[in-house]
Amino acid sequence: MVKVDLDKVKEIVEKVKQETLEEGDILINTLHAIQDYYNNFVPPEAAEEVAKLLNIPVSRVYEVLSFYSMFSIKPRGKYVIRVCKSLPCHVTGGREVMEALKNKLGIEIGETTADGMFTLETTSCLGLCGVAPVIMINDQSFGNLTPEKIDEIIERFRGDENA
Ligand code: FES
């Protein structure tokens, strides 16, 4: 269980408020910043504090958290791998890429490796069909993938914290 530092949440909210030009973007930008701070997830206690600080219903915060697949309220790995499952990626080797990832990491979709390094997820089209099949690791994209390239990429991330 992650210990949520409410002062830190307040600090993040204040900073985002100052840096966000459009009022309507404050909630989503805050949730992004909190998710970055907590290594790829938004702890429920932090979500509730955000609602309080922004003076909005908690249900609104959860609505946004569940609408966007990039958010999670469950702890995830340091690196979230999202495999595109839309048709152009699927027919150009996406299935093999997914199998290679499952084998390499020893986990299924929705799971996190025991060392807390990787979480495996799927996503719909990332708009990069020209270089299908595609995956994203946090905010970096990788295209024209093969099972061999997967091996190389995962080794790189395992070996280099800043891959
Ligand atoms: S279908 Fe995979 S990026 Fe478009």
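So, how was this worked out
Residues numbered from 1 in each chain as written. Predicted model: local features only at pLDDT ≥ 70, side-chain atom pairs only at ≥ 80, totals over all residues. Helix = DSSP H or I, 4+ residues; strand = E, 2+ residues; numbered from the N terminus. Buried ≥ 20, exposed ≤ 12 C-beta atoms within 10 Å, placed from the backbone. Contact = placed C-beta atoms within 7 Å. Pairing = 2+ DSSP bridges. Axes fitted to C-alpha atoms, helices over the stretch in contact; angles between N-to-C directions. Core = buried A, V, L, I, M, F, W, Y, C linked by C-beta atoms within 7 Å. Right-handed = clockwise from strand over helix to strand, strands pointing away. Domains from an automatic or database assignment.

Section: the overall build of the protein chain
Counting its regular elements, the protein chain contains six helices and four strands. For the protein chain, the α and β elements follow one another from N to C terminus as α-α-α-α-β-α-β-β-β-α. Dimensions of the protein chain, computed from the C-alpha atoms along their principal axes, are close to 50 × 30 × 25 Å. Every one of the 163 residues in the protein chain was classed for burial, and the buried ones make up 28%. In the protein chain, the proportion of contacts linking residues at least 24 apart, taken out of those at least 6 apart, comes to 61%.

Here's the deal with the sheet that holds strand β3 (residues 135–137)
Taken together, four strands build an open sheet; the order of strands is β2-β1-β3-β4 and the sheet is mixed. The open sheet terminates on both sides in strands that have one partner only, identified here as β2 (118–123) and β4 (140–142). On average, each strand axis in the sheet is tilted by 25° relative to the strand beside it, whichever way the strands run. Judged from the three bridges that link them, strand β1 (residues 79–84) and β3 form a sheet pairing that is antiparallel. Counted as the bridge partner of R82 is M136 from β3. Each of β1, β2 and β3 touches helix α5 (residues 87–105); the most contacted strand, β1, lies at about 150° to it.

Some thoughts on the nonpolar core
In terms of nonpolar packing, the biggest core is built from 20 residues, with I81, V83, V97, L101, V134, I135 and I150 touching the most fellow members. The set of elements that each furnish at least two residues to this core consists of β1, α5, β2 and α6 (147–159). For this core, the element with the highest residue contribution is α5, accounting for six residues. Those residues in contact with V97, other than ones at most four positions away along the chain, are V83, P133, I135, L145, P147 and I150. Core analysis: the next-biggest nonpolar cluster, separate from the first, contains 14 residues, I12, V16, I34 and A47 among them.

Here we look at the pairing of β2
Inspection of the sheet shows β1 paired to β2 by six bridges, in the parallel sense. Bridge pairing links R82 to E121 in β2. This β-α-β element, β1 to α5 to β2, shows right-handed connectivity.

Quick look at the domain arrangement of the protein chain
Domain boundaries in the protein chain define domain 1 (6–67) and domain 2 (79–159). A C-alpha centroid distance of 28 Å is found between domain 1 and domain 2.

Observations regarding the environment of V61
Following the sequence through the fold, V61 ends up in helix α4 (residues 58–67). Classification of V61 by C-beta neighbours within 10 Å gives buried; the count is 24. On a C-alpha basis, the gap between V61 and P44 in space is 9.9 Å, while along the polypeptide they are 17 residues apart. Sequence-distant contacts of V61, defined by excluding residues within four places in its chain, comprise L27, A47, V50, A51 and I56.

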